[in-house]
Amino acid sequence: MKFTKMHGCGNDYVYVNCLKERVENPSEVAKLVSDRHFGIGSDGLILIKPSDVADFEMDMYNADGSQGAMCGNGIRCVAKYVYDYGLTDKTSISVNTKSGIKYLELTIEDGKAALIRVNMGAPILEAAQIPVISDNKQVIDEPILVDGKEYHMTCVSMGNPHAVVYMDDVEQLNIEEIGPKFEKHQRFPDRVNTEFVKVLDKNTVQMRVWERGSGETLACGTGACAVAVATILNKLTDGDQVTVHLLGGTLQIAWDRDENLVYMTGPATTVYDGEIIL
């Protein structure tokens, strides 16, 4: 199987051009290639496919083999792949995902896609649709008891569920311990991605993320979007644009509240091409 290793702000995936390749049992392949000791090493597997409703289709699988609905960093890399490898010459493309069609604008430098702006769609705030179990219609700054300690969370879906938790220090956080307890908490029927966030100033936040099915990753695009929405809802920053610092880089997130659309802008990087015998 031929593949390309790519990352968006350190959130790395193995990409396969399924216009040419055929991947049997992608869930098992995802577990194999994601292994950082016995495989290629990645946060998961992303398949680039033809689509009847968009320019391309993206199927993503987490490192544990579970299928995800959407990946913000991953879809930027899909856009870079299809342009850089000559599958399209358009700088405005559409990509179908399990959470709907996303629209992307590519900035080209020296013949390669360098920066990609993604229309991530509307944030979902209704608890039942995220889903999160709550007595309230929306979960904003709501207490949750995890491992005997009370936290406050704001929940947002960007095609996948997120719980945003604010704290004074994220660098010293033992995320390997607390992350799985949030992920598998009984209030999240489909598990949850958890963002632990420190507000740096009125325009900037710092976050670490525990992704369901993958553990801590260097970046999460949908998570950064959820953080921006949550931060604006909690009135912790000014305006409708938030700079999000992640372990692997920085993303610019804008929430157009008139259109109720979230836009994410960030880089995409090709690491190498290779071939693996399955």
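The paragraphs below set out a description of the structure included in this document. Predicted model, so just to flag it, every value in this text is computed and none were measured.

Once that is clear, we can look at the overall build of the protein. Scanning the protein for helices and strands turns up four helices and 18 strands. Rg of the C-alpha trace for the protein: 18 Å, near the compact-globule value of 19 Å for 278 residues, within the 12% margin. With respect to the three principal axes, the spread of C-alpha positions in the protein is 50 × 40 × 35 Å. Here the contacts in the protein between residues at least 6 apart in sequence split such that 62% fall between residues at least 24 apart. Total accessible area computed for the protein in this model is approximately 12,100 Å², and 46% of it derives from carbon and sulfur atoms.

Here the focus is the state of the cysteines. Applying the stated criterion across every chain, the model contains zero disulfides. Cysteine C18 remains unbridged, with the sulfur of C77 as its closest cysteine sulfur at 16 Å.

Cis peptide bonds are those with omega within 30 degrees of zero, and the linkage from I130 to P131 qualifies with -5 degrees. Backbone geometry places D110, a non-glycine residue, at a positive phi of 55 degrees. The topology assignment puts D110 in the loop between β7 (100–109) and β8 (112–121). For D110, a relative accessible area of 81% gives the class exposed. Despite not being glycine, D141 has its phi angle at roughly 55 degrees, a positive value. Checked against the element boundaries, D141 lands in the loop between β8 and β9 (142–146). A relative accessible area of 45% means that D141 is categorised as partly exposed.

For the rest of this paragraph, the subject is the nonpolar core. Core analysis: the largest hydrophobic core is formed by 54 residues, its most contacted members being L104, M207 and I253. For this core, the leading source of residues is helix α4 (residues 221–233), giving nine residues. Apart from residues lying up to four places away in sequence, I253 is in contact with A224, C225, A228, D240, Q241, V242, V244, V262, Y263 and M264. By size, the runner-up hydrophobic cluster in this structure holds 21 residues, among which are A127, V165, F196 and W210.

Secondary-structure assignment places R212 in the loop between β13 (204–211) and β14 (215–217). It turns out R212 is buried and unbridged, and the closest side chain with the opposite charge, D190, is 5.4 Å from it. Of note is the side chain of R212, whose polar atom sits 2.7 Å from the backbone oxygen of D190. If sequence neighbours within four positions are ignored, R212 has contacts with N62, N160, P161, E183, D190, R191, V192 and N193.

Let us look at the packing of aromatic side chains. For the structure shown, the criterion picks out five aromatic pairs. Aromatic pair F3 and Y272: ring centres 6.0 Å apart, planes at 75 degrees, arrangement edge-to-face. Separated by 269 residues along the polypeptide, F3 in strand β1 (residues 2–8) and Y272 in strand β18 (residues 269–275) bring together distant segments of the chain. Under the relative-accessibility criterion, F3 is labelled buried at 7%.

All right, on to the pairing of β13 then. Across the eight residues of β13, eight count as buried, placing the element largely inside the fold. Here β13 shows a buried face lined by T204, Q206, R208 and W210 and a second buried face lined by V205, M207, V209 and E211. In the sheet, strand β12 (residues 193–201) pairs with β13 via seven bridges, with the strands oriented antiparallel. When the sheet's bridge partners are listed, K198 is paired in β13 with Q206. Between β12 and β13, which pair antiparallel in sequence order, lie two residues.

Before going further, it helps to examine the side chain of T97. Its location among the elements puts T97 in strand β6 (residues 92–97). A polar side-chain atom of T97 sits 3.0 Å from the main-chain amide nitrogen of S99. Those residues in contact with T97 that sit more than four places away from it in its chain are M58, A69, M70, I75 and K102.

Another point: the pattern of salt bridges. A full pass over the atoms with the stated rule returns 15 salt bridges. Notably, a salt bridge pairs D84 with K80, separated by 2.6 Å at the nearest N-O pair. Linking D84 with K80, this pair stays in helix α2 (residues 72–84), spanning four residues, or about one helical turn. Residues D84 and K80 agree in their burial class; the two are buried. Connected through salt bridges with shared partners, the residues K5, D12, R36 and D43 form a single ionic network.

Criteria and thresholds
Residues numbered from 1 in each chain as written. Predicted model: local features only at pLDDT ≥ 70, side-chain atom pairs only at ≥ 80, totals over all residues. Heavy atoms only, no water. Helix = DSSP H or I, 4+ residues; strand = E, 2+ residues; numbered from the N terminus. Rg over C-alpha atoms; globule rule 2.2 N^0.38 Å. Contact = heavy atoms within 4.5 Å. Areas by Shrake-Rupley, 256 points an atom, 1.4 Å probe, with all protein chains shown as cover. Disulfide = S-S within 2.5 Å. Buried < 20%, exposed > 50% of the residue type's maximum accessible area, 1.4 Å probe, protein only. Core = buried A, V, L, I, M, F, W, Y, C linked by side-chain atoms within 4.5 Å. Lys, Arg positive; Asp, Glu negative; His and termini not counted. Salt bridge = Lys/Arg side-chain N within 4 Å of Asp/Glu carboxyl O. Polar contact = N/O pair within 3.5 Å; in protein donor to acceptor, adjacent residues only side chain to side chain. Phe/Tyr/Trp six-rings, centres within 6.5 Å; stacked < 30°, edge-to-face > 60°. Pairing = 2+ DSSP bridges.

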